[in-house]
Amino acid sequence: MKLKQILGMLALSALTFTGCEKANIDVDTTPQNGSSIGEVSGVWAKNSVHEVKGDIIIPEGKTLTIEEGVTVLMDATAKPEVVVKGNLYSLGTAENPVKFTVSDAYRTTENKFGKLWGGILAGPTCAELVLDNTILEYGGNTTSDASTSVKMGLYKATAGENLPALWFSNVNGKLVVTNSIIRNFQEDCTYIEGGKIIFSNNVFYTTGVTGGEAMNFKSGCLADVGFNFVYSCNTNALKLSNSGDRSPQAYIIAYNNTMVNTGWRRPTAKGGSVWLEASVRADLYNNLFANTRFGIKRDPKKLEDSRSKNDYNWYYGFDQTTVDQFQVGKNDVVTGGTHDVRGTTAGQNDPKFTNFPLNNPVNSPDYNTAWDFHLQGNSPALGKGTTDFTRHHKGGIVMSNGLTYVSPEPATYMGAYGTKL
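Please read these numbers as outputs of a predicted model, since none were measured by experiment.

### Observations concerning the side chain of T101
Then, in step 1: Position of T101 among the secondary structure elements: in strand β8 (residues 98-101).
Then, in step 2: Within the structure, the side chain of T101 is placed 3.4 Å from the side chain of R107, a separation counted as a polar contact.
Then, in step 3: Setting aside chain neighbours within four positions, we find T101 in contact with T71, V72, L73, M74, R107, E137 and Y138.

### Considering the environment of V83
Then, in step 1: Mapped onto the elements, V83 comes out in strand β6 (residues 82-84).
Then, in step 2: A sequence separation of 38 residues divides V83 from L121, and the C-alpha atoms of the two residues are 4.9 Å apart.
Then, in step 3: Ignoring sequence-local partners within four residues, the contact set of V83 consists of I56, I57, I58, L121, T148, M152 and L154.

### Description of unusual backbone geometry
Then, in step 1: Here the residue pair S247 and P248 is connected by a cis peptide bond, since its omega of 10 degrees sits within 30 degrees of zero.
Then, in step 2: Within the secondary structure layout, P248 lies in the loop between β21 (238-241) and β22 (251-255).
Then, in step 3: In this model, A157 sits at a positive phi of 55 degrees, which is unusual for a non-glycine residue.
Then, in step 4: Take A157: it is sitting in the loop between α2 (148-152) and β12 (166-168).
Then, in step 5: Judged by its relative accessible area of 32%, A157 is partly exposed.
Then, in step 6: Positive phi values are uncommon outside glycine, yet S232 reaches one of about 50 degrees.

### Examining the pattern of salt bridges
Charged atoms that come close allow side chains of opposite charge to pair.
Then, in step 1: By the definition in use, this model includes twelve salt bridges.
Then, in step 2: Between D305 and R307 there is a salt bridge, with its nearest N and O atoms 3.0 Å apart.
Then, in step 3: Its salt-bridge partner being E409, residue R391 comes within 3.5 Å of it at the nearest N-O pair. Residue R391 is located in the loop between β32 (372-375) and β33 (397-398), and its partner E409 is located in the segment after β34 (404-405); the two are separated by 18 residues in the primary sequence.

### A few points about the state of the cysteines
Then, in step 1: The tally for this structure, following the rule as stated, stands at zero disulfides.
Then, in step 2: There is no disulfide at C189, and the cysteine sulfur nearest it, in C233, is 7.4 Å away.

### Focus: the nonpolar core
Then, in step 1: Ranked by size, the top nonpolar core spans 62 residues in total, and within it F100, I120, L129, F199, F217 and L240 carry the most contacts.
Then, in step 2: Setting aside anything within four residues of it in sequence, one finds F199 in contact with L175, V177, T190, I192, F204, M215, F217, D224, V225, G226 and N228.
Then, in step 3: In terms of nonpolar packing, the next biggest core, distinct from the first, is built from 18 residues, V203, V341, L358 and L375 among them.

### Regarding the environment of M152
Then, in step 1: Here M152 is to be found in helix α2.
Then, in step 2: Take M152: its relative accessible area is 35%, and that puts it in the partly exposed class.
Then, in step 3: Between the alpha carbons of M152 and V83 there is a distance of 9.5 Å; along the sequence they are 69 residues apart.
Then, in step 4: The contact partners of M152, leaving out residues within four places of it in the chain, are I57, V83 and K85.

### Regarding the confidence of the model for the chain
Then, in step 1: Considering every residue of the chain, the mean pLDDT works out to 92; 92% of them sit at 70 or more.
Then, in step 2: Residue range residues 1-31 is modelled with pLDDT below 50. Its contacts to residues more than four positions away, or to other chains, number 33 contacts.

### Focus: the sheet that holds strand β28 (residues 309-311)
Then, in step 1: In spatial order, the strands read β2-β4-β7-β10-β13-β16-β19-β22-β25-β28; together these ten strands make up an open sheet with parallel pairing. With partners counted over all chains shown, the strands left at the sheet margins are β2 (42-44) and β28, one partner each. Taking each pair of neighbouring strands and ignoring which way they run, the sheet shows an average axis angle of 10 degrees.
Then, in step 2: Pairing of β22 with strand β25 (residues 281-285) involves five bridges; the strand directions are parallel. The residue bridging I253 from the neighbouring strand is D283, located in β25.

### Examining the side chain of D311
Then, in step 1: As for its position among the elements, D311 is in strand β28.
Then, in step 2: Of the side chains bearing the opposite charge, R342 lies closest to the buried D311, which forms no salt bridge; the N-O distance is 7.3 Å.
Then, in step 3: A polar contact is formed between the side chain of D311 and the backbone nitrogen of T338, at a distance of 3.3 Å.
Then, in step 4: At 3.3 Å, the side chain of D311 forms a polar contact with the backbone nitrogen of D340.
Then, in step 5: Sequence-distant contacts of D311, defined by excluding residues within four places in its chain, comprise L284, Y285, N286, G337, T338, H339 and D340.

### Side note on the packing of aromatic side chains
Then, in step 1: Scanning all chains against the criterion turns up 24 aromatic pairs.
Then, in step 2: Ring geometry for Y155 and W167: centres 6.3 Å apart, planes at 70 degrees, overall edge-to-face. Here Y155, found in the loop between α2 and β12, pairs with W167, found in strand β12; they are twelve residues apart in sequence, far enough to count as distant. Taken individually, Y155 and W167 each receive the classification buried, so the pair is uniform in this respect.
Then, in step 3: Residues F199 and F217 carry aromatic rings whose centres are separated by 5.3 Å and whose planes lie at 80 degrees to one another, so their mutual orientation is edge-to-face. Residue F199 is found in strand β16 (residues 195-200), and its partner F217 is found in strand β18 (residues 215-217); the two are separated by 18 residues along the sequence. For the pair F199 and F217, a shared accessibility class is recorded, and that class is buried.
Then, in step 4: An aromatic cluster is built from Y205, F229, Y231, F353, F356, Y367, W371, F373 and Y417, whose rings are joined through pairwise contacts.
Then, in step 5: In this structure, K297 packs its charged tip against the face of F294, placed 3.9 Å from the ring centre.

What counts as what
- Residues numbered from 1 in each chain as written.
- Predicted model: local features only at pLDDT ≥ 70, side-chain atom pairs only at ≥ 80, totals over all residues.
- Heavy atoms only, no water.
- Helix = DSSP H or I, 4+ residues; strand = E, 2+ residues; numbered from the N terminus.
- Polar contact = N/O pair within 3.5 Å; in protein donor to acceptor, adjacent residues only side chain to side chain.
- Contact = heavy atoms within 4.5 Å.
- Buried < 20%, exposed > 50% of the residue type's maximum accessible area, 1.4 Å probe, protein only.
- Salt bridge = Lys/Arg side-chain N within 4 Å of Asp/Glu carboxyl O.
- Disulfide = S-S within 2.5 Å.
- Core = buried A, V, L, I, M, F, W, Y, C linked by side-chain atoms within 4.5 Å.
- pLDDT = per-residue confidence, 0-100.
- Pairing = 2+ DSSP bridges.
- Axes fitted to C-alpha atoms, helices over the stretch in contact; angles between N-to-C directions.
- Lys, Arg positive; Asp, Glu negative; His and termini not counted.
- Phe/Tyr/Trp six-rings, centres within 6.5 Å; stacked < 30°, edge-to-face > 60°.
- Lys NZ or Arg CZ within 6 Å of the ring centre and 35° of its normal.

Below, the structure written as structure tokens:
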């Protein structure tokens with residue numbers, strides 16, 4: 001073989017090796033597994049495994065699509081962040097979800113509050129982000145001066161912050177989180193600063209050590225939040241605020257959500273179930289509060305918008321301490337409506353969950369996946385809700401990849417789950 005041919009083959013071999021090492025940098029449309037660090041875009045194909053060895057960045061103007069069944073395996077030593085400057089579509093299915101996780105060795109009781117990777121951080125240039133049938137778990141690492149997010153001025157842009165599972169900050173952007181699970185995070189699950197938004201049919205549990213909300217919305221958000229389930233978050237299931245001075249004014253429509261045992265692990269003024277503040281406009285209907293610390297609560301020094309409405313909500317407390325905290329008037333920070341179902345005695349208005357011990361300790365963050373929060377056929381919470389309100393996105397949010405997401409129709413049962421079919 002001629003020397004020129006040999007050199008050519010060696011060069012081709014070296015190029016092939018380099019391409020495998022950087023399988024997901026720039027564009028990856030191959031079905032095989034890979035490892036990632038640096039800039040990523042393209043398609044991570046169905047059922048592949050992608051080991052993230054360091055911070056990854058979806059560049060502005062680029063898109064990463066993650067297909068069903070993909071496992072995004074975070075290096076628990078490197079504790080990477082996922083920075084989204086372009087678009088991200090994580091498109092799992094109920095049978096085959098996408099999972100952002102860590103290796104089996106780290107999914108332990110000792111690590112149940114995560115901190116083993118950062119979070120998904122979508123900056124102002126991220127136009128569209130979808131998490132559909134996606135599991136985020138074991139994240140919420142603390143930032144340092146060396147963190148990509150701090151260097152880029154993302155989230156709170158300071159060292160020492162525990163990252164949320166998801167941060168989104170584009171008042172002109174589109175954000176959909178649906179059919180997904182966020183669990184085992186150090187503090188906030190989500191921190192949203194603007195956009196046209198749908199949060200629907202999600203589950204949040206085992207989150208928050210010293211603080212942390214399940215869903216935290218700020219100014220610039222026009223959000224429909226329906227049929228979500230939150231169990232024992234450290235602080236609030238919903239924190240709704242117009243802070244941040246972005247336009248438009250935050251307007252959140254939250255309906256048919258189930259909140260259980262929330263707020264007790266942060267026994268300060270902020271711990272509760274729904275917190276309203278700073279001129280947020282919020283409409284709250286058909287929500288079911290079971291053993292939560294407080295009901296819908298307002299900041300008396302920074303009141304919500306006077307046009308806000310909340311009514312047709314259901315309250316249950318296993319003991320008298322919990323029931324007393326639901327009372328409007330007895331607690332000047334608690335607000336409610338004329339059609340609420342709100343007893344005055346412990347044990348009143350049992351919603352009759354299919355399978356959940358109502359005396360389960362309220363300060364326990366541990367979640368049993370065998371529990372079932374559907375309502376029994378004889379539940380008094382069936383048919384007590386209202387559908388007489390509008391949603392922001394009943395016409396749908398249309399994404400540039402052709403997908404359309406519609407905020408779900410409200411139901412007349414209370415909470416996120418009716419009876420089992």
